[in-house]
Amino acid sequence: MKKFIFILLAISTSFAGMSQNGKKGQTVQGLKIAYITRELNLTTEEAQIFWPVYYAYFDEMKKTRQETKDDVLAFDEKILFIKKKYSLEFKKVLGTDERANKVFLAERNFGAIIRKEIMLRQKNKG
């Protein structure tokens, strides 16, 4: 529970700062890195190997979203392929299937936290 409150506080603080300095993407990306690092309990050595693999995965996902934005089935198929491919890569770095799968869960959970924070801010604004 303390971890969740800390994350929400960090997100809230960063969102307040984002509107002032215009570095929204960098701030959210920094929070995402911290969140995933904490969720996976990465050691320094693991982090040095993990993040380049994660960025390659993220770039491939982004490219797929752009290329298949009008074809839902092609999008879903390619996303599944990419996740399976990188699950094996994450397992090489993290050691177990459980920790490799946790990458995707942490990413999903972080997205949910961000969406909730945005909705809360929109609600409080209007």
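Rules and cut-offs
Within each chain, residue numbers correspond to sequence positions counted from 1 in written order. For a predicted model such as this one, the threshold for reporting local features is a pLDDT of at least 70, and the threshold for listing and counting side-chain atom pairs is 80 or more; totals across whole chains, interfaces and linings nevertheless cover every residue. Side-chain descriptors were evaluated using all non-hydrogen atoms of the structure, hydrogens and water having been removed beforehand. In this text, helices come from DSSP runs of H or I with a minimum length of four residues, and strands from runs of E with a minimum of two, each type numbered from the N-terminal end. Throughout this description, buried means an accessible area under 20% of the type-specific maximum (1.4 Å probe, protein chains only), exposed means over 50%, and partly exposed covers the range between. A side-chain nitrogen of Lys or Arg and a carboxyl oxygen of Asp or Glu constitute a salt bridge if their distance falls within 4 Å. Pairing of N or O atoms within 3.5 Å defines a polar contact, subject to two protein rules: one partner must be a possible hydrogen donor and the other a possible acceptor, and residues neighboring in sequence count only if both atoms are side-chain atoms. Whether two residues are in contact is decided by their heavy atoms: any pair within 4.5 Å suffices. Any Phe, Tyr or Trp ring, taking Trp's six-membered ring, that has another such ring centre within 6.5 Å forms a pair; planes under 30 degrees apart are called stacked, those over 60 apart edge-to-face, and the others tilted.

**Q** It is not clear to me how unusual backbone geometry should be interpreted in this structure. Could you clarify?
**A** Leave glycine aside and you will find that most residues have negative phi; peptide bonds, for their part, are mostly trans. Positive phi, normally seen in glycine, also occurs at Asn41, with a value near 55°. When you line up the elements, Asn41 lands in the loop between helix 2 (24-40) and helix 3 (44-67). Under the relative-accessibility criterion, Asn41 is labelled exposed at 63%.

**Q** What exactly am I supposed to notice about the pattern of salt bridges here?
**A** Tallied over the full model, the rule gives seven salt bridges. With a shortest N-O distance of 2.8 Å, Arg99 and Glu46 are connected by a salt bridge. In this pair, Arg99 sits in helix 5 (residues 97-125) while Glu46 sits in helix 3, placing the two residues 53 residues apart along the sequence. One salt bridge in this structure joins Glu117 and Arg121, with 2.7 Å as the shortest N-O distance. Here Glu117 and its partner Arg121 are both found in helix 5, four residues apart, which amounts to about one turn of the helix.

**Q** Quick question: what am I supposed to make of the side chain of Thr68 here?
**A** Mapped onto the elements of the fold, Thr68 is located in the loop between helix 3 and helix 4 (72-94). A distance of 2.6 Å separates the side chain of Thr68 from the backbone oxygen of Thr64, its partner in a polar contact. Not counting the four nearest positions on each side in its chain, Thr68 is found in contact with Ala74, Phe75 and Lys78.

**Q** Help me understand the packing of aromatic side chains, please; the structure alone is not making it clear to me.
**A** Ring pairs (aromatic) are described by centroid distance and by the angle formed between their planes. Counted according to the given criterion, the structure contains 15 aromatic pairs. Each ring, one from Tyr35 and one from Phe110, has its centre 5.6 Å from the other, and the planes form 45°; the classification is tilted. On the criterion of sequence distance, the pair formed by Tyr35 in helix 2 and Phe110 in helix 5 is long-range, its members being 75 residues apart. Note on accessibility: Tyr35 and Phe110 belong to one class, buried. Clustering of aromatic rings is evident, with ring pairs tying together Phe50, Trp51, Tyr54, Tyr55, Tyr57, Phe58, Tyr86, Phe90 and Phe104.

Purely geometric numbers; function is a separate question.
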